[in-house]
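Here is how the chains run, residue by residue.
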Amino acid sequence: SHMAKVPPVISWSIRLAIFLAICYCAVRIRLNAVINYGRVIHEFDPWFHFRATQYLVDNGWQKFRDWYDLESWYPIGRPVGTTIYPAMQVTAAWLYYGLNWIGYKISLNDVCVFIPAGFSCISCLFTFLMGHEIYGPNAGLAAAGVMAILPAHLMRSVAGGYDNESVAVPAICATFYFWVRALRDKDSWPWGIACALSYFYMAAAWGGYTFVINMIGVHAGLLVLFFRYSSNLHHAYSLVYFIGTLLAIQVPIVGWQPLESMEQMGPLAVFLGMQGLEIVTQCKKRMSKTQFQEFRWKLVALFVLGCAIFVGWLISTDKVGPISVRVRSLFIKHTKTGNPLVDSVAEHQATPNEVYWRYFHVICFIGPAGAFLCLFNRTDAKWFLLAFSVISGYFSSKMIRLVLLLSPAASLCAGIAIGAGLNWAFDTIVDSPSDEEEEEEEQAEEPAEAEETPKAKAPVSAREAAAAHHKKKSKKTKMNVSMSAFSPLEAINSIGNKFKEVLVIITKQRSVPFKLLAIGLIFACYFTGLNYFTHCHEMAGHFSEPQIMMRGRAKDGSVVMIDDFREAYWWLRDNTPTDARVMAWWDYGYQINGIANRTSIADGNTWNHEHIALLGKCLVSTEKKAHKIIKHLADYVLVWTTRYAGMYGDDLAKMPHMGNIAGSVYKDTPQTGYWMDQNNRPTPLLQESLLYKLHTYRLTPGAAQLEYFQEAYTTRNHMVRIYKVLKVAKRYPAGAYSPKLQKVLAKKQDFRQHG
């Protein structure tokens, strides 16, 4: 490459400048929300994370770990300390303490707002390092540039989107980089320790840690199947799995899951298999061929027997739980999991094809070219990228939110294609010496060297050449024997070699047509890059809408701020008792806690299906039946009525899910029949429901009057309505349901997943 002729200090200074520019772009594109709306926490889940971070800062780690929150999931509460991935909260607390300690005064809110944007630079850094490890520094830079503004990465990392994925993606990139770095050569296995530490952070940050350890396990297993096993692989994987698992089980929410959950048995099996392979490898060095053959069969029999006993013990003691609903849904053909609560979440649905164009744009076409290039001169790192691309691509097709997992692999593949293409283009244009010309120059220098040491140089060179030739021939023979036992890999080698011959011929061409082709490729990259850059900024604008507030246009065309949601929460905060209980559909629980600072009935954690079913039963029942339950649970009821402002994704639109969830537990509640026809006429079930009455009261002609609820507040644009519950029953101490509800609760049948 022409860059090889530039002094290393200059070339790496240029790359550093380019990388800093990439980091600037990564941060700047994520600040649209801050520029347009200010330093605001977005959506729903980020408000829970902010509230949890505030609790950690105010009370310290010990109280945070033991925190049982009675202001959410009323009246049963939630053990937050053992049901949360705490890495992001701990990271934010450290940044908050550290920045204020050095004299940079900043609020905790601002730290939480900027973490997603700042951590995107870490994702870019480890994407660059991984690309460098797999295909060279230029490919790494291109990959980092793609990753910096890729919409699939942007969707979970804009400023204000203070959610687990904003720190989990950098952790994924770091873990995978350290893993491929540990496999570089026979002395690089200690990097497995860094990989294990990064995996520990990942396990404390997001439930996707199971994907990370399984991805590493799959790659290690594939290397064994492809006859690439080595002691370095054994040492690296053993360090990652043993240290990583030992640390991961210290995270309260993870606990013993790495050794008990079915979806994590694969990495454990690979770890045990690695130990057996290493024993065989070491014994082979110390035994004769006959002794080794006898020992190998005894070891295989012992290993199979041990595995059978271990599996039998696990089954008999119920130590290993079943595969979770969300994981099971990734391996079935239909788009429904069978759990109405899980299916009610839009991001859990299968990914439509058009989503890939919106989230990856031209990378959909460039990425496969980079993956194809990885088939040549295959290394352990290239095998990892290929496996990562295929597996993350499969999972991304099964669930919309998992397109996030594909973003690092897509960026790396695209970076390799772009880097390789531009390398060839610039080398062709500047007419860099071909390999034959370089060999001629080397041969011209050899006679002079031979004259200086004619007797010493020739014999040594001959012996070295003979030894090298014998070693190469022997290695080739062994590989041919190995490949004969694995025809798919042999086929890949055969096809790859033919393509490689063609590519070598093309890359050596320096004629005028090829120079013109190279110039055309550079221009194509430039204009395609501009188009990609524009698309990414358009998507960034969409992702940067905080949803808790939005912009609209007045009749005169001027831009106005629509802030009904916060307006409603602020009214609750300022006009209700501090211990007021607010019932709303579970979507809004986090905001009720975080903004209004009031007790909620349920939230986005959705850990208790039966409790949410009781909430749904209240909202879909008639006013009188609903009041008999609500008076024991809440003082106010909050409903979203955004269709009065032209947005139809409000609580009436969610009624089918509410009824389905309620009926899955309470069989006396119909699961279907809550909808409106094309003329906005409600079905009888919908019309009689409490939610419909709260929605239409006073704003829709002919709306029914309320008997057990009183309108307390309606926001300026009629997007949120709050009702006071009349004749509230005497409170029962928090921690359990009121005895008065036992008659209702006796009718429930705990939800059981089928299939």
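Counting starts from 1 at the beginning of each chain's written sequence and moves along it residue by residue. The predicted nature of this model means local features are confined to residues of pLDDT at least 70 and side-chain atom pairs, given and counted, to a pLDDT of 80 or more, with totals for whole chains, interfaces and linings taken over all residues. Values shown for side chains rest on all heavy atoms present in the structure; no hydrogens or waters enter the calculation.

A.B. asks: Residue-level account of the overall build of the chain, with values.
C.D. replies: In terms of helices and strands, the chain carries 32 helices and seven strands. By residue count, 49% of the 755 residues in the chain fall in the buried class. Contacts are residue-level and defined by heavy atoms, with any inter-residue pair within 4.5 Å sufficient. Intrachain contacts of the chain at a sequence separation of at least 6 include 74% that bridge at least 24 residues. Note that accessible areas follow from Shrake-Rupley with a 1.4 Å probe, and for residues the cover is restricted to the protein chains shown. Total accessible area computed for the chain in this model is approximately 36,600 Å², and 62% of it derives from carbon and sulfur atoms. Secondary structure follows DSSP: runs of H or I at least 4 residues long count as helices, runs of E at least 2 residues long count as strands, and numbering of each begins at the N terminus. Partly exposed describes any residue whose relative accessible area lies between the buried limit of under 20% and the exposed limit of over 50%, with all areas from a 1.4 Å probe on protein chains only and scaled to the type maximum.

A.B. asks: Can you break down the pairing of strand E1 (residues 550-553) residue by residue, with the values?
C.D. replies: Residues Met 550 and Gly 552 of E1 are buried on one face, while the alternating residues Arg 551 and Arg 553, pointing to the opposite face, are not. Taken together, the four bridges between E1 and strand E2 (residues 559-562) define a ladder with antiparallel strand orientation. Looking across to E2, one finds that Arg 551 is bridged to Met 561. Here, a strand pair is defined by DSSP locating no fewer than two bridges between the strands.

A.B. asks: I'd like a rundown of helix H24 (residues 512-543), residues and numbers included.
C.D. replies: Over its 32 residues, H24 extends 46 Å from the first C-alpha to the last, a length consistent with the 46 Å expected when each residue adds 1.5 Å. Those residues of H24 lying buried are Ala 518, Tyr 532, His 535, Cys 536, Met 539, Ala 540 and Phe 543. Along its buried surface, H24 packs onto helix H2 (32-37), helix H6 (137-149), helix H7 (151-154), helix H17 (353-360), helix H18 (363-373) and helix H20 (403-429). The span expected for a helix works out to 1.5 Å for each residue beyond the first.

A.B. asks: Residue-level account of the nonpolar core, with values.
C.D. replies: We call a set of buried residues a nonpolar core when its members are Ala, Val, Leu, Ile, Met, Phe, Trp, Tyr or Cys and they connect through side-chain atoms within 4.5 Å of each other. Of all hydrophobic cores here, the largest spans 202 residues; its most connected members are Phe 176, Trp 179, Phe 360, Tyr 569, Ile 630, Leu 638 and Phe 709. When sequence neighbours within four positions are dropped, the list of residues in contact with Tyr 569 reads Tyr 588, Gln 591, Ile 592, Ile 595, Ala 596, Leu 638 and Trp 640.

A.B. asks: Describe the packing of helix H10 (residues 209-225) against helix H11 (residues 231-248), listing the residues and the values that go with them.
C.D. replies: Here, axes are lines fitted to C-alpha atoms. For helices the fit covers the stretch in contact, and angles between N-to-C directions go from 0 to 180 degrees. At a minimum axis distance of 11 Å, the contact between H10 and H11 shows a crossing angle of 160°. Comparing their axes, H11 and H10 come out roughly antiparallel. When the axes of H10 and H11 are compared, the crossing they make is left-handed. Across the interface between the two elements, Ile 213, Ile 216, Gly 217, Ala 220, Leu 223 and Val 224 of H10 pack against Leu 233, Tyr 237, Val 240 and Tyr 241 of H11. Residues belonging to the contact of H10 with H11 are distributed by class as follows: nine nonpolar, one polar and no charged. For classification purposes, angles smaller than 35 degrees are called roughly parallel, those larger than 145 roughly antiparallel, those between 65 and 115 roughly perpendicular, and all remaining angles oblique. For a crossing to be left-handed, the near helix must be turned anticlockwise from the far one by less than a right angle; the clockwise case is right-handed. Amino acids are sorted into nonpolar (Ala, Val, Leu, Ile, Met, Phe, Trp, Tyr, Cys and Pro), charged (Asp, Glu, Lys and Arg) and polar (every other residue, Gly among them).

A.B. asks: Outline the packing of aromatic side chains, supporting the account with residue identities and numerical values.
C.D. replies: For Phe, Tyr and Trp, where Trp contributes only its six-membered ring, two rings pair if their centres lie within 6.5 Å, and the inter-plane angle classes them as stacked under 30 degrees, edge-to-face over 60, or tilted in between. Following the criterion strictly, the structure yields 38 aromatic pairs and no others. Ring geometry for Phe 178 and Trp 191: centres 6.0 Å apart, planes at 20°, overall stacked. Linking Phe 178 in helix H8 (residues 165-182) with Trp 191 in helix H9 (residues 191-205), this pair joins segments that are 13 residues apart in sequence. Take Trp 191: its relative accessible area is 33%, and that puts it in the partly exposed class. Arranged with centres 6.2 Å apart and planes meeting at 80°, the rings of Phe 211 and Phe 395 form a pair that is edge-to-face.

A.B. asks: Go over the confidence of the model for the chain with me, naming the residues and quoting the values.
C.D. replies: Mean pLDDT over the chain works out to 86, with 83% of the residues at or above the 70 mark. Counting interchain partners and residues more than four positions distant, the pLDDT-below-50 stretch residues 434-441 has three contacts. Low pLDDT (under 50) marks residues 447-486, which in the prediction has nine contacts with non-local residues, meaning those over four places away or in another chain. pLDDT expresses, on a scale from 0 to 100, how confident the predictor is about each individual residue.

A.B. asks: Describe the sheet that holds strand E6 (residues 709-714), and please don't skip the residues or the numbers.
C.D. replies: Taken together, the five strands give an open sheet; going across it, the order is E4-E3-E5-E7-E6, and neighbouring strands pair in mixed fashion. Strands with a single pairing partner mark the edges of an open sheet, and in this sheet they are strand E4 (599-600) and E6. When strand E5 (residues 636-640) meets strand E7 (residues 720-725), the two strands line up antiparallel, connected through five bridges. Counterpart to Trp 640 in the pairing with E7 is Val 720. Packing against the sheet, helix H25 (residues 564-575) makes contact with strand E3 (581-583), E5, E6 and E7, and its axis sits at approximately 25° to E7.

A.B. asks: Outline helix H1 (residues 8-28), supporting the account with residue identities and numerical values.
C.D. replies: Helix length check: H1 (21 residues) gives 30 Å between terminal C-alpha atoms against 30 Å at 1.5 Å per residue, within 8%. Residues of H1 that are buried: Ser 11, Arg 15, Phe 19, Ile 22, Cys 23 and Ala 26. The arc that holds every buried residue of H1, seen down its axis, measures 115°, which confines them to one face. Of the residues in H1, the exposed ones pointing more than 90 degrees away from the buried face are Val 9, Leu 20 and Tyr 24. Residues of H1 that are buried in the fold lie against helix H5 (108-135) and H6. The arc in question is traced by the directions running from the helix axis to the C-beta atoms.

A.B. asks: Please set out unusual backbone geometry residue by residue, giving values where relevant.
C.D. replies: Tyr 74 connects to Pro 75 through a cis peptide bond whose omega is 5°. Positive phi is not limited to glycine here, since Gln 547 has a value of about 70°. Its location among the elements puts Gln 547 in the loop between H24 and E1. Relative accessible area serves as the criterion here: at 42%, Gln 547 is assigned to the partly exposed category. Its identity is not glycine, yet Asn 597 carries a phi of approximately 55°, on the positive side. Considering the arrangement of structural elements, one finds Asn 597 in the loop between helix H26 (589-594) and E4.

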